[in-house]
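# Summary of the model geometry
This is what each chain is made of:
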Amino acid sequence: MRPLLAFVLACSACTNATEKSRAAWDKAVSNRGGASKGAGGSGGGRGGTAGSGLRDTWQGLAQFTTDASELLAGGSTTITVPRLAKRLCAEEPEALAQDPKAEAVSCAPKTPLALLGRELELELGSDSTIGLFAREVSDQDSGELVRQTLQRLRGVCREPWTTESRADNALKEFYRCPTATGATLMVGRFPSNLAAGQWHFSLAVLGPG
């Protein structure tokens, strides 16, 4: 997105429905066409955490990922975006009050998560998708976020990480692994503004099917 999935996580096993969900996420987070805003109506991420007192929490990220994988284990027929938002968002996203309701929303998670001093924002999409992202991270920091996430979340994976190449953009870097619940874990980064040295980092849990 333009935060999480302008990038559309590329994966040969992903269904067309998942691709459509990713496109909806793109609109939601970039706030195009009156899509969702972040918690408090701020329209996106809350920026860095300098001075906020938040500590990096890799253990919290691993627990969040495990919980999300279990939550999505039943597939898209057992969970909806409003139900996910009620369970995971600190405040109900404004987009859920719109008609028609958004296919994807972004919000602040109930339990704040910060990595390398960057507070992560939560995204929820139709077709059983839960994601976390950080906007406008430097090339070096986004690379380090990917590297450490791959290392720290190895225990969540049922099999080793595999690389997802992108023929259309070699700068997009993605990895995936299956989890014990049948969900798929995706981690990656993509440049949002190369001239300014800005990248987006994302972690997404995709429900089975």
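These remarks concern the structure in this document. (Residues numbered from 1 in each chain as written. Predicted model: local features only at pLDDT ≥ 70, side-chain atom pairs only at ≥ 80, totals over all residues. Heavy atoms only, no water.)

With that settled, the discussion passes to the nonpolar core. Formed by 42 residues in total, the largest nonpolar core has its most connected members in Leu-122, Leu-124, Ile-130, Trp-161 and Leu-185. With six residues, helix H2 (residues 58-71) is the largest single contributor of residues to this core. Once you skip the residues sitting within four places of it in the chain, Leu-122 turns out to touch Phe-64, Leu-88, Cys-89, Val-105, Ser-106, Cys-107, Pro-109, Ile-130, Gly-131 and Leu-132. (Core = buried A, V, L, I, M, F, W, Y, C linked by side-chain atoms within 4.5 Å. Buried < 20%, exposed > 50% of the residue type's maximum accessible area, 1.4 Å probe, protein only. Helix = DSSP H or I, 4+ residues; strand = E, 2+ residues; numbered from the N terminus. Contact = heavy atoms within 4.5 Å.)

Moving on, we come to the layout of surface pockets. Empty space within the largest pocket amounts to approximately 270 Å³. Along its surface, the largest pocket is lined by 13 residues, and Gln-63, Phe-64, Asp-67, Ala-68 and Leu-88 are the ones closest to its centre. Looking at the lining of the largest pocket, the elements with two or more residues in it are H2 and helix H3 (81-88). In terms of residue count, H2 provides more of the lining of the largest pocket than any other element does, seven residues in total. (1 Å grid on protein atoms, 1.4 Å probe; cavity = no way out; pocket = protein on both sides within 12 Å on 5 of 7 lines; lining within 4 Å. Points joined across faces, edges and corners; volume = space filled by probe spheres on them.)

Moving on: unusual backbone geometry. For Leu-116, which is not glycine, the phi torsion reads 50° and is therefore positive. Residue Leu-116 is classed as partly exposed on the basis of its relative accessible area of 29%.

The subject of this paragraph is the pattern of salt bridges. What the rule picks out here adds up to five salt bridges. Salt-bridge contacts for Arg-158 lead to Glu-159; the nearest nitrogen and oxygen are separated by 3.8 Å. Residue class for Glu-159 comes out partly exposed when judged on its relative accessible area of 42%. What emerges from the salt-bridge pattern is a single network uniting Asp-139, Glu-173 and Arg-189. (Salt bridge = Lys/Arg side-chain N within 4 Å of Asp/Glu carboxyl O.)

Considered for burial, the residues of H3 that qualify are Val-81, Leu-84, Ala-85 and Leu-88. Buried residues along H3 cover an arc of 100° about the axis, so they all sit on one side. Pointing more than 90 degrees away from the buried face of H3 are the exposed residues Lys-86 and Arg-87. Residues of H3 that are buried make contact with H2, strand E1 (104-107), strand E4 (121-125) and strand E5 (129-138). (Arc of directions from axis to C-beta.)

Of all the five residues making up E4, five are buried; the element is thus mostly covered by neighbouring parts of the structure. Neither face of E4 is exposed, since Glu-121, Glu-123 and Gly-125 on one face and Leu-122 and Leu-124 on the opposite face are all buried. Here four bridges tie E1 to E4, and the two strands are oriented antiparallel to one another. Among the inter-strand pairings, Val-105 is bridged to a residue of E4, identified as Leu-124. In this sheet, E5 lies alongside E4 in antiparallel orientation, the contact comprising five bridges. The residue bridging Glu-121 from the neighbouring strand is Phe-133, located in E5. The hairpin formed by E4 and E5 contains three residues between the paired strands, and Asp-127 there has a positive phi angle of roughly 70°. (Pairing = 2+ DSSP bridges.)

On to the sheet that holds strand E7 (residues 173-178). An order of E1-E4-E5-E9-E8-E7-E6 is seen for the seven strands of this open sheet, with the pairing classed as antiparallel. Each having just a single partner strand, E1 and strand E6 (162-164) make up the two edges of the open sheet. Strand-to-strand twist across the sheet, computed as the mean angle between neighbouring axes with direction ignored, equals 25°. The pairing of E6 with E7 spans three bridges and is classified as antiparallel. (Axes fitted to C-alpha atoms, helices over the stretch in contact; angles between N-to-C directions.)

Turning our attention to the environment of Pro-178. Take Pro-178: it is sitting in strand E7. Remark: the alpha-carbon pair of Pro-178 and Glu-159, spanning 19 residues in sequence, is separated by 6.3 Å.

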